[in-house]
Every structure is written in C-alpha cells, then in structure tokens.
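# Observations on the three-dimensional arrangement
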Amino acid sequence: MARILRIGGAQMGAIQKTDSRQVVARRMLDLLDRAKAQNCDLVVYPELALTTFFPRWYMTDQVDVDSWFEREMPNAATRPLFERAARYAIGLTFGYAELTSDGHRFNTSVLVDRDGRIVGKYRKVHLPGHSEYDPQRAFQHLEKRYFEPGDLGFPVWRTMGGILGMCICNDRRWPETYRVMGLQGVELITLGYNTPSTNAQKSDEGPQTRLFHHRLTLQAGAYQNSTWVVAVAKCGIEDGHPLIAGSIIVNPDGEIVAESQTEDDELIVADCDLDATVFGKETIFDFKRHRRVEHYERITSQTGVILPE
Ligand code: CDT
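Residues numbered from 1 in each chain as written. Predicted model: local features only at pLDDT ≥ 70, side-chain atom pairs only at ≥ 80, totals over all residues. Heavy atoms only, no water.

Turning next to the sheet that holds strand β7 (residues 162–168). The strand order β6-β7-β8-β9-β12-β13 describes an open sheet built from six strands, whose pairing is mixed. Where the open sheet ends on each side, the last strands, each with one partner, are β6 (156–159) and β13 (256–259). On average, each strand axis in the sheet is inclined to that of its neighbour by 20°, with strand direction left out of account. Direction of pairing for strand β9 (residues 228–233) relative to strand β12 (residues 248–250): antiparallel, over a ladder of three bridges. Looking at β12, one finds that Val 229 is bridged to Val 250. Packing against the sheet, helix α5 (residues 175–182) makes contact with β6, β7, β8 (188–193) and β9, and its axis sits at approximately 160° to β7. Of the strands in this sheet, β8, β9, β12 and β13 touch helix α6 (residues 207–225), which is tilted by about 25° from β12. (Pairing = 2+ DSSP bridges. Helix = DSSP H or I, 4+ residues; strand = E, 2+ residues; numbered from the N terminus. Axes fitted to C-alpha atoms, helices over the stretch in contact; angles between N-to-C directions. Contact = heavy atoms within 4.5 Å.)

Below, the structure written as structure tokens:
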C-alpha cells in the first residue's frame, strides 16, 4: 500500500510591521481550515511566519530586536493553531524567531505531529546577509546580526508514517543541506522562505532570476536525494519591500507537482507518495553503492575556496 501524505503548502502573503501575532495567527487558522477541507495530513507554513521579515530593518536597541522573538512555543498567539490542528489531526510546521531561556536567538522551525506535539525542531544553519548596517545595499538583510547559526545540525524524524526533515530558506541553496538529510534516508523535506524579489547588491537581478534559482536548487536537491521537497513562501510587498512567491512541491524526480499562482495567502496541495522515493534511493542514488567518500574530504575539512598554485 502506498504511503501517501497529503501536503498543504500554506503560502502567506505579506505581513506588515504593524500586524500583530494574533492577526497573523488568524490567517494561519484560515489556511488550516482550507487544508482540513482538502483532507491534508500536514500543513507547511513559511519561515518567520508570525511576523514581517524583520531582518530587513536595522535595529540597535535589543528591546526592539527581542520584540520580534518568541520565548516559548506554543505561546498565547499560536496555541489556538496547535489546538485546532490537533482537533483536525493535521500535522504542522512553521518558522519563528526563537529566544531561548539562556539568551540565544535562532531562526527556527518546528514540526508538530497530528496530536499537537512538537516532535522536531530545526535552527537555520546558513544565515545569509550581514551583521552591520551596509549603506551600499538597496536594502538591508541582517540575519547575521540577529541570529546565531543553528546548533542542531540537520536532523530527520520518523513521524506521520515517514522520515521528515526541515531546513529554512537560504539553506535550500546549499547541496550539503539535502545530502546530510539524504544520508539519513529523508523522504520529505519542508522549508519556508522569505526571499526578496531583487538583489540588494545587483540591480539587474530581478524576480525572474530569483524564481529560477529558487526552483533550480529545490528541484536539484529533490532529485539528487530522491526526496519530496515542499517549499513555502511568505511573499508580496511587506512595508514597500517585495518578496517572491513561487511556493512549490517537488517530487523525487525533481518535477514540480504543485505551484502557487498568487502572492497572497494560498494553499497548494499535493499527494506525496513517500514510497515514490524508494526507486531513486535504490538505483542511481543508492549512496552506499555509489558514493566515493574518499574523494569528498575537502567538503568537511575546508570552508572557503583554496585556489591551485
Ligand atoms: N530568508 C532568507 O534566507 N533569504 C535569503 C535571501 C538571500 S539573497 C539570495 C534567500 O536565500 O532566499
């Protein structure tokens, strides 16, 4: 019998600076209701789903910075989401800014099972951008200022009848992200993203190029590891700053099977047969038979490029 997970990709349109967590949570509940109407098993929301993409704003006062972070999960704003999802027996994953009890700040996502329990946590490893105000850029991207790199690696979890993993936004551009999960047999990777529609340092790179790079990396990661990949945007114009949409679900052959059509709150749905990952994992990407780790040593021993003499 096929192991089918019906996935709802809950794309979210723009969240403005002034929108409260409660207003946003109501939109997430509405998307959850749409997922319930379509019999989804798991709903995937974007990166930093509860707020505007605040790393575009340069802040020097730590009190201002911490106003964007969550100190516990679930909390007052998100408890209704956890409770309704458990009542519907639907799993969830969403991103938020996490402030730990011992003062660490991460760009985090959680995986919640059908009983409303957090069964997985991932903290973003590849933080893009910079840590100080950069007057050369058309706009700021200060993730390196506000977050520490994740300290949990790329775990996967047995849940909902499969092996699931998470990454977040910029992680999708790095082949190592998928391969580390691929080496644990991952069958479905979820990720949320906030990707500006233009390049702050290259004025001729616009949304078409951005969407091309987005699909290219997701499709390659899925194919090369024979896994499903579900990528969900927060998109539209946030306080004057456009973010790409293009939420997609990619099958283990690297083909797009569902794609959003708007830049608003929108649910994309696909039946993801986890057994469809098996063929690739046992043939062309049977890692045990075909990988040649004796030639890959540089990948973990060296970070930057070392040019030949
Ligand atoms: N949120 C996030 O990680 N955004 C980055 C922007 C970097 S510019 C390509 C991303 O990789 O989409």
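What follows continues from the structure just given.
For the rest of this paragraph, the subject is the site of the ligand. Around the ligand, a shell composed of 13 residues is seen, among which Lys 124, Cys 169, Asn 170, Arg 173 and Thr 195 lie nearest. One of the side-chain nitrogen or oxygen atoms of Lys 124 is found 2.7 Å away from an oxygen atom of the ligand. The side chain of Glu 143 places a nitrogen or oxygen atom 3.1 Å from a nitrogen atom of the ligand. In isolation the ligand exposes 350 Å². Once the protein is present, 85% of that is buried. For the shell around the ligand, the per-class residue count stands at three nonpolar, four polar and six charged. (Near = heavy atom within 4 Å. Polar contact = N/O pair within 3.5 Å; in protein donor to acceptor, adjacent residues only side chain to side chain. Areas by Shrake-Rupley, 256 points an atom, 1.4 Å probe, with all protein chains shown as cover. Nonpolar A, V, L, I, M, F, W, Y, C, P; charged D, E, K, R; others polar.)

Within the open sheet, the six strands sit side by side as β5-β4-β3-β2-β1-β14. Their pairing is mixed. The open sheet is flanked by β5 (118–123) and β14 (266–273), the only strands paired with a single partner. Between one strand axis and the next, the sheet turns through 25° on average, direction left out of account. Pairing analysis gives eight bridges linking strand β3 (residues 91–99) to strand β4 (residues 105–112), with the strands arranged antiparallel. Bridging from a neighbouring strand, Ala 97 pairs with Asn 107 of β4. Sheet strands touched by helix α1 (residues 21–37): β1 (4–11), β2 (42–44), β3 and β14. Its angle to β14, the strand with the most contacts, is close to 45°. Against the sheet, helix α3 (residues 79–88) makes contact with β3, β4 and β5, and its axis sits at roughly 165° relative to β3, the strand it touches most.

To continue, consider the packing of aromatic side chains. Evaluated as defined, the whole model comprises 10 aromatic pairs. Centroid distance Phe 69 to Phe 147: 5.6 Å. Interplanar angle 55°. Geometry classified as tilted. Note that Phe 69 is positioned in the loop between α2 (62–66) and α3 and Phe 147 in the loop between α4 (143–146) and β6, a separation of 78 residues in sequence. Exposure class is identical for Phe 69 and Phe 147. Each is buried. Relative to Tyr 96, the ring of Phe 94 lies with its centre 6.0 Å away and its plane at 45°, an arrangement referred to as tilted. Ring-pair connections join several aromatic residues into one group, and the members of that group are Phe 54, Trp 68, Phe 69, Tyr 146 and Phe 147. (Phe/Tyr/Trp six-rings, centres within 6.5 Å; stacked < 30°, edge-to-face > 60°. Buried < 20%, exposed > 50% of the residue type's maximum accessible area, 1.4 Å probe, protein only.)

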